[in-house]
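# Descriptive structure summary
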Amino acid sequence: MTDEELEREITHALAWRAERTAVHRDALSESGRRPLAPASRPHRRRAVTRFVMAGAVAAMVVAGLVAIRVERAGAPTGSGQAAAVSSDPVATSLDMTTASAVSNAGSSLLGLPADSDWTVTLAEEVDFVGANTRIYATGSDRPETGPALVVSGQSWSTGPPGQPPGSIPIDVGDATGWLFDSDGRKRLMVYVDDYLYEYSAFNLTYAQLLAAAESASPSPDGMGAIVDATTLGDGVTEQFVGWSEWTFGAGTPLRRLSVTNGAGDRATVLMFDDPDLVRLDRLAGFTTITDVTVGDRPGFVGEYESGTGVVVWSVGAGTATLSIDGAGIDDLLDLARSLVPVSEQEWTALVEATAPPVLSCVPVGDQTADTTCVEVSTPD
Amino acid sequence: MATADDDQADLTRRFGEFFRGNYARTVRLAHLLTGSEASAEDLAQESFARMHPKFADIDNPGGYLHTVTLNVCRRWHQGRFRDERTLQRAGAPGVDSGEPHHLLELIDALPYRQRAVLVLRYWLGLRESEIAQALGCRPGTVRTLHFRALANLRKELP
C-alpha cells in the first residue's frame, strides 16, 4: 500500500466513524458542515438531552457550574471518567401481556416481549445523521429494478480524495470525477468546493449518470445536490430527501432500541415514521435483497458485500430496520419477528427506564484540573 | 452605556451560538480521538464547560476548543487504559466496537498523540502549524508523530 493509499484509507475510515457518531443534540446544527434536515416535523425530544442541554447552558453561564455530564449506565461515578461502553444491560423487557396489539396497530414503535432472550440496554431518541441524500427513482415497490439514482453528499475538508481503485477520471462540468463500478452499480464520485458528492446509479447508462451529474446544482437547503430528473428517464422523480447511514432516514428524532443477549450479541432496531422507506431502503447498496415478511408485514433482508445484513420491514405507519453485530440472517429474522408493538407511553417509559443518570461535574482546583462528578438527578 | 448585565447577556448569546455551531463536530472529534462513542458527548460537553470561563478573552475560540478537547480526551485516554488493564487482569472480555473498519481499530491502538495527529490532519484538515499549536508542540514534532503513526499502521496492515 502506498503512502497515498494509506492516507486515503485513513481519511475514509475517520470520515466513516465521524458520520456515524450519534449526537444527541437539541436544536443544534453543525454550522458550515452539515445542514439540518429540512422541514423537521414536531417531535418529542429525549428528556435527558433536553435536560442536559438546557442545564448545561444555564448552569455554565448563570451559576458558574462547570459541567453537566451524561454518564452511561455502568460508568464509574465520581471519577470523571466515562465507561467505554454500557456493559450492564438494564432489565427493561416490557410486560406485554397487557399490551393490546389492536390499540398499537398504527404504532411504529417496537419493544421486546417479556419472555425474550434479549434485554434492552438503551432506548433513545436521537437525530439521525449521515451523508445527506436525495433519491431519484420510480414509484415501484422494487425501485432497484428500474432506473434510479442515489445522490449523497458530505463535507470533505481534507482536500480532494484519492482516486478510488479501478476508477476512471472524468470531467464533470468544471470538476474532476471518478467513474467506477461497484456492487453491480455504476458509481461516480465528484469533489467540488470541499464537498464530496457520490452518485450511485441503478439501471442507468454511463451517459445518463454523467448527464445527471452535470445537471447537479447545490440544494438551497443544503441537502446535497439536486439533479435534473428528466435525464434519468420517464417516470423518475425525486422520491426522498434525508440522510443515509446504513439505510436511509428522514425527520427526527430517530427512535433507536439497543438490545443484547446472553451470548453477548448486540442488535440495534431503528424506527422511522416514514412508511416509504421499506421500498427506498432497497437502494441502500445491498449486494443481495431477499423479500421476507415480518409478522404479516412486507419487508426484505438486505446483505452487504461484507456479509452483514439488515432486515427492513413495515411496522405500523412506519418502517423499522434491524441489524445484529456478526449474526446470521436466521438470527436477524428471529429477533425481528419476536418484536412487539408498544405504545408511545410504553416507549417513553422505556426511554426513561434506560436513560443514563445525569451527573454534575465541578472543578477541583483550577479550571484545567480534574473534575469530580456527583449524580444530581435523573430526568423526569 | 452598556451595563455589566448587557455584557453578560452578550457573552451568553455568543457562547450559545458558538456552542450550537460547534457541538456536533466536537462530539465527533471526541469520538475519533477516543474511539468511544459512548463517552464522546460527555467529553465534548466537558470541553465546552472548560473553555466557558475564558470565552470572553479567547481570540480564536475554534482553535482553543480543539486544544481543550485534545486535553480532555487525553486524560480520558489515560484513564481508559488504566481501567482496561484492571479489566484484563480480572479476565473481562474486551469491548467490540462493531465497526467494520480494521483500520479504525489500528488507529485506536496508536499512542494518543499519534492518533491525534491523524485525526487533526485527515479529519479536521488542519495544517501542520495548526496541529502543532493544538497539541502544544513544535511542527517538527508533528512531522515525527505523523511519520511514526503511518509506520505503526503499516506494520499492522497486510
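Use the structure listed above.
The text that follows walks through the structure, step by step, so that each part is easy to find. (Residues numbered from 1 in each chain as written. Chains lettered and ligands numbered in written order. Predicted model: local features only at pLDDT ≥ 70, side-chain atom pairs only at ≥ 80, totals over all residues. Heavy atoms only, no water.)

When you go through chain A residue by residue, the secondary structure sums to six helices and 22 strands. Sorting the 380 residues of chain A into buried and exposed places 54% on the buried side. The long-range fraction of contacts in chain A, counting pairs at least 24 apart against all pairs at least 6 apart in sequence, stands at 61%. Carbon and sulfur atoms provide 51% of the accessible area of chain A, an area that totals close to 15500 Å². (Helix = DSSP H or I, 4+ residues; strand = E, 2+ residues; numbered from the N terminus. Buried < 20%, exposed > 50% of the residue type's maximum accessible area, 1.4 Å probe, protein only. Contact = heavy atoms within 4.5 Å. Areas by Shrake-Rupley, 256 points an atom, 1.4 Å probe, with all protein chains shown as cover.)

The next thing to look at is the sheet that holds strand 19 (residues 318-324) of chain A. Residue and element names in this part refer to chain A. Spatially, seven strands are ordered 3-14-15-19-18-17-16 in an open sheet, and the strand pairing comes out antiparallel. Bordering the open sheet on either side are strand 3 (118-126) and strand 16 (288-294), each of which pairs with just one other strand. Taking the axes of each pair of neighbouring strands and ignoring which way they run, one obtains an average angle of 20 degrees across the sheet. As judged from the five bridges shared by strand 17 (residues 297-303) and strand 18 (residues 309-315), these two strands associate in the antiparallel manner. Counterpart to glycine 299 in the pairing with strand 18 is tryptophan 313. (Pairing = 2+ DSSP bridges. Axes fitted to C-alpha atoms, helices over the stretch in contact; angles between N-to-C directions.)

Under the definition given, this model contains ten aromatic pairs over all chains. Summarising the aromatic geometry, the rings of Phe286(A) and Phe300(A) are spaced 5.7 Å apart at their centres and angled 70 degrees between planes, so their arrangement reads as edge-to-face. With Phe286(A) in the loop between helix 4 (277-280) and strand 16 and Phe300(A) in strand 17, this pair connects stretches of sequence that are 14 residues apart. The buried category is assigned to Phe286(A), whose relative accessible area is 8%. The structure contains a cluster of three or more aromatic residues connected by ring pairs, namely Phe15(B), Phe18(B), Phe19(B), Tyr23(B), Phe48(B) and Phe55(B). The lysine or arginine in question, Lys186(A), covers the ring of Tyr206(A), its NZ or CZ lying 5.1 Å from the ring centre. Over the aromatic face of Phe300(A) sits the side chain of Arg282(A), whose NZ or CZ is 5.2 Å from the ring centroid. (Phe/Tyr/Trp six-rings, centres within 6.5 Å; stacked < 30°, edge-to-face > 60°. Lys NZ or Arg CZ within 6 Å of the ring centre and 35° of its normal.)

Turning to helix 6 (residues 128-135) of chain B, a few remarks are in order. All names here are of chain B. Listed as buried for helix 6 are Ile131, Ala132, Ala134 and Leu135. Each buried residue of helix 6 lies within a common arc of 165 degrees when the element is viewed along its axis, so the set occupies one face. A positive phi of about 70 degrees marks glycine 136, the residue just after helix 6. (Arc of directions from axis to C-beta.)

With that settled, consider the side chain of Arg8(A). Residues and elements named next belong to chain A. Relative to the elements of secondary structure, arginine 8 occurs in helix 1 (residues 3-19). The side chain of arginine 8 sits in the buried core without any salt bridge; glutamate 5 is the nearest counter-charge, 4.7 Å away. Contact partners of arginine 8, with chain neighbours within four places excluded, come to Gly162, Gln163 and Pro165. (Lys, Arg positive; Asp, Glu negative; His and termini not counted. Salt bridge = Lys/Arg side-chain N within 4 Å of Asp/Glu carboxyl O.)

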